[in-house]
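# A closer look at the structure
Chain by chain, the residues:
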Amino acid sequence: MKMTFRWYGRDDHIPLPYFKQVPGATGVVGGIFHIPAGEDWPEEDVKNLVEQANAAGLELEVIESVNVHDDIKLGLPSRDRYIENYKSTMRTLSKYGIKVICYNFMPIFDWTRSDLAMPLEDGSNALAYERDKVEGIDPNELIKNILEGSKGHAMPGWEPERLAGIKKLFEQYEGMTEERLFDNLVYFLEQIIPVAKECNIRMAIHPDDPPWSVFGLPRIVKNDADLERIIKAVDEPENGLTLCSGSLGANLDNDLVAIFDKYTAMDRAPFLHIRNVKHNEKGDFHEVAHKDETGSVDVKGIIKVLHKNNYKGYWRPDHGRMIWGEEGRPGYGLYDRALGASYIQGIWDILEEER
Ligand SMILES: O=C(O)[C@@H](O)[C@@H](O)[C@H](O)[C@H](O)CO
Ligand SMILES: [Fe+2]
């Protein structure tokens, strides 16, 4: 499997060459964050992005994310224009060697947390989700908390310009059901998967984070049944999944090892996010170090099935804690992600030797 790190481009506090210093890192996962969802990505920006990574000796073959405009999720007539832009962006990305595009289909918000820097016992801090602090509060309050907690770092999915129209967005989603949202996803996939085929790109939908309804908005990428329904709806290898152990793992009912096994054996998961979360009695969770017994995720079990299935796709260590005084975008410090990366590769190396 190919180990990558998420890199936030010119907005990242981590110098690109540092990723190369993590043993085993072959590439970075990039994105263009100043272009609003729905717009066609300018070729010049894509070219610069890929060239910068390559100049640092790193591949850039995965994009996270090309975000989907809410009009597509809402199924509005204007969606066709945004889908055309999406296709055009796919063609540009393929021209510069992109192989996988990660995206999500969550209404309005991307990931949701109540705390971006919850203090842990060891003096580090991590992202956390407490139901009482999210569910039942005014979404504007949550947006305020997230933007304050981000300490000036741009947070994809939480763009202040877009969220300024939050009231209208919520009105537009009124009455939206899981069924209709799913139909809108299928409409989108039917349009873009043929283009993906032509471009040799694999689309990889990211699970909802957390994988349950928040603020009454429907969620359709929560569990094994949802994943299966999505890949079957347009049953082509290009219609793939990003398996994220942290997002799916927020629901203890999800059998992560079985899910990672099933979709990697089918070769329908071109991209993986590996991280760990820990639950408390109330069902709340916070993020922890990647090491297996630190949290609820069976990290070793996941790596074992990936190895058994001879996984050849891309993976990246997902959110880490903030440790050793590092300051940066919540979840995306270098130090803890690098520790997680080395831990996971250690497991892989032993399995390789035993094969
Ligand atoms: O939590 C994160 O940082 C990521 O896993 C997501 O934001 C992910 O990039 C998007 O949901 C994918 O579209
Ligand atoms: Fe993820």
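Now for a look at the structure at hand. In this text the structure is predicted, and so the values were computed from the model without any measurement.

## Concerning the site of ligand 1
Surveying the vicinity of ligand 1 reveals 14 residues, the closest of which are E64, S65, N104, H319 and Y332. In this structure, an oxygen atom belonging to ligand 1 sits 2.4 Å away from a side-chain N or O atom of E64. A distance of 2.8 Å separates an oxygen atom of ligand 1 from a polar atom in the side chain of D110. Taken together, the residues that form the shell around ligand 1 break down as five nonpolar, five polar and four charged.

## Considering the pattern of salt bridges
This model, assessed by the stated rule, comprises 36 salt bridges. A salt bridge links E159 to R162; the shortest N-O distance between them is 3.6 Å. Shared partners join several salt bridges into a network, and the residues in it are R6, E64, R113, D209, R275, E287, R316 and D318.

## With respect to the layout of surface pockets
Approximately 220 Å³ is the volume attributed to the second largest pocket. Lining the second largest pocket we find M118, L120, E121, D122, K278, H286, V288, A289, T294 and R321. For the lining of the second largest pocket, the residue count by class is four nonpolar, two polar and four charged.

## Things to note about the sheet that holds strand β5 (residues 115-119)
Taken in spatial order, the four strands line up as β5-β6-β11-β10 in an open sheet, and their pairing is antiparallel. Of all strands in the sheet, those with a lone pairing partner are β5 and β10 (276-279), marking the two edges. Looking at each pair of strands side by side, their axes are set apart by 40° on average, direction ignored. Inspection of the sheet shows strand β6 (residues 125-129) paired to strand β11 (residues 285-288) by two bridges, in the antiparallel sense.

## Focus: a nonpolar patch on the surface
Judged by side-chain polarity, W324, Y335 and L339 come together as a nonpolar surface patch covering roughly 350 Å² of accessible area. Looking at where Y335 falls in the secondary structure, it is placed in helix α14 (residues 335-354). Taking relative accessible area as the criterion, Y335 reaches 33% and is therefore assigned partly exposed.

## Here we look at empty space enclosed by the protein
Enumeration according to the criterion identifies two cavities of 30 Å³ or more in this entry. Reported here for the largest cavity is a volume of approximately 240 Å³. A breakdown of the residues in the lining of the largest cavity according to their chemical character gives ten nonpolar, six polar and eight charged. Across the lining of the second largest cavity, the residue classes tally to four nonpolar, one polar and one charged.

## A word on the pairing of β6
Within β6, four of the five residues are buried, leaving the element largely enclosed by the surrounding structure. Bridge count between β5 and β6: three bridges; the pairing is antiparallel. Counterpart to D115 in the pairing with β6 is A128. If you look at the hairpin formed by β5 and β6, you'll find five residues sitting between the two strands, and G123 has a positive phi there, around 90°.

## Regarding helix α10 (residues 224-233)
For α10, the set of buried residues is D226, L227, I230 and I231. Within α10, the buried residues cover an arc of 125° as seen down the axis, which keeps them to one side. Those residues of α10 hidden inside the fold are in contact with α9 (178-199), β7 (202-205), β8 (239-244), α11 (245-249) and α12 (256-265).

Rules of the game
Residues numbered from 1 in each chain as written. Chains lettered and ligands numbered in written order. Predicted model: local features only at pLDDT ≥ 70, side-chain atom pairs only at ≥ 80, totals over all residues. Heavy atoms only, no water. Near = heavy atom within 4 Å. Polar contact = N/O pair within 3.5 Å; in protein donor to acceptor, adjacent residues only side chain to side chain. Nonpolar A, V, L, I, M, F, W, Y, C, P; charged D, E, K, R; others polar. Salt bridge = Lys/Arg side-chain N within 4 Å of Asp/Glu carboxyl O. 1 Å grid on protein atoms, 1.4 Å probe; cavity = no way out; pocket = protein on both sides within 12 Å on 5 of 7 lines; lining within 4 Å. Points joined across faces, edges and corners; volume = space filled by probe spheres on them. Pairing = 2+ DSSP bridges. Helix = DSSP H or I, 4+ residues; strand = E, 2+ residues; numbered from the N terminus. Axes fitted to C-alpha atoms, helices over the stretch in contact; angles between N-to-C directions. Patch = residues over 30% accessible without salt bridge, like charges linked within 9 Å, V, L, I, M, F, W, Y side chains within 5 Å. Areas by Shrake-Rupley, 256 points an atom, 1.4 Å probe, with all protein chains shown as cover. Buried < 20%, exposed > 50% of the residue type's maximum accessible area, 1.4 Å probe, protein only. Arc of directions from axis to C-beta. Contact = heavy atoms within 4.5 Å.

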